[in-house]
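# A structural walkthrough
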Amino acid sequence: MAEGRKTRKKQETDLKGNVSGWHVYKDERGRAVYYDVFSKTGYILANNEDRYKQFSMRFVMGAIGFILMLMFDMPIWLCVLAGVAVYGFLEFRFRRFLKNLVRIENFKCNEKMKSEASIKTLDTNKIILKMVLLLALAVLIIINAYNENYTGWMLTLNYVISALTFIFALYHAKELISRKISKRFR
């Protein structure tokens, strides 16, 4: 009986939005479900949210592998190969992870899990810390580009990464402001 309560509590946590993403939806019970567009199958993420979060950034990790190799003045083909290898390895591990989850055949995508919900579960101090670190990263990327005397597409890539990082920081600031406003009206 106690185990049933724990499961219900964990499912209620799912409703709060601990996990979100491009292909994460809610099922009729309110559980987070990853929808695989290739197999048209849903995978229930209950009790596996933290593991899913590790794999949800597999494309970004591949891009980071590419950028790190590029920083060591490696040939572009080797950088691309390293990025694809990192992504391929993580994708392979992700597919093995999905095999361990409960499957829902012919899952109908109804309600998408909102990405704001995952930020709402964070503590205010963590949101402030993430916002400050993202702003610092945006500035440091530009400073590094000038220190390394990047030109052409490499300079443009640094500007794009810096702009995206700044947008994520603003996204966290928006959540922080909306949290403060909602506390005032309670």
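Structure's up top.
Notes on the structure follow.

About the thresholds
Residues numbered from 1 in each chain as written. Predicted model: local features only at pLDDT ≥ 70, side-chain atom pairs only at ≥ 80, totals over all residues. Heavy atoms only, no water. Salt bridge = Lys/Arg side-chain N within 4 Å of Asp/Glu carboxyl O. Helix = DSSP H or I, 4+ residues; strand = E, 2+ residues; numbered from the N terminus. Buried < 20%, exposed > 50% of the residue type's maximum accessible area, 1.4 Å probe, protein only. Polar contact = N/O pair within 3.5 Å; in protein donor to acceptor, adjacent residues only side chain to side chain.

Attention shifts here to the pattern of salt bridges. If you walk through the whole model with that rule in mind, you get four salt bridges. Where glutamate 91 meets arginine 58, a salt bridge forms, and the shortest distance between an N and an O atom there is 2.5 Å. Separated by 33 residues along the polypeptide, glutamate 91 in helix α4 (residues 76-99) and arginine 58 in helix α3 (residues 58-71) bring together distant segments of the chain. Of the two residues, glutamate 91 and arginine 58, neither departs from the other in class, the shared state being buried. A salt bridge links arginine 95 to glutamate 91, with the nearest nitrogen and oxygen atoms 2.9 Å apart. With arginine 95 and glutamate 91 both in helix α4 and four residues apart, the pair spans about one turn of that helix. Taking relative accessible area as the criterion, arginine 95 reaches 26% and is therefore assigned partly exposed. For glutamate 91, a relative accessible area of 14% puts it in the buried group. Through salt bridges that share partners, Asp36, Arg58, Glu91 and Arg95 make up one connected network.

Attention now moves to the side chain of histidine 172. Looking at the secondary structure, you find histidine 172 in helix α7 (residues 152-184). Given a relative accessible area of 6%, histidine 172 falls into the buried group. From its side chain, histidine 172 meets the backbone oxygen of phenylalanine 168 in a polar contact 2.8 Å long.

Purely spatial values, then, with no claim about function.
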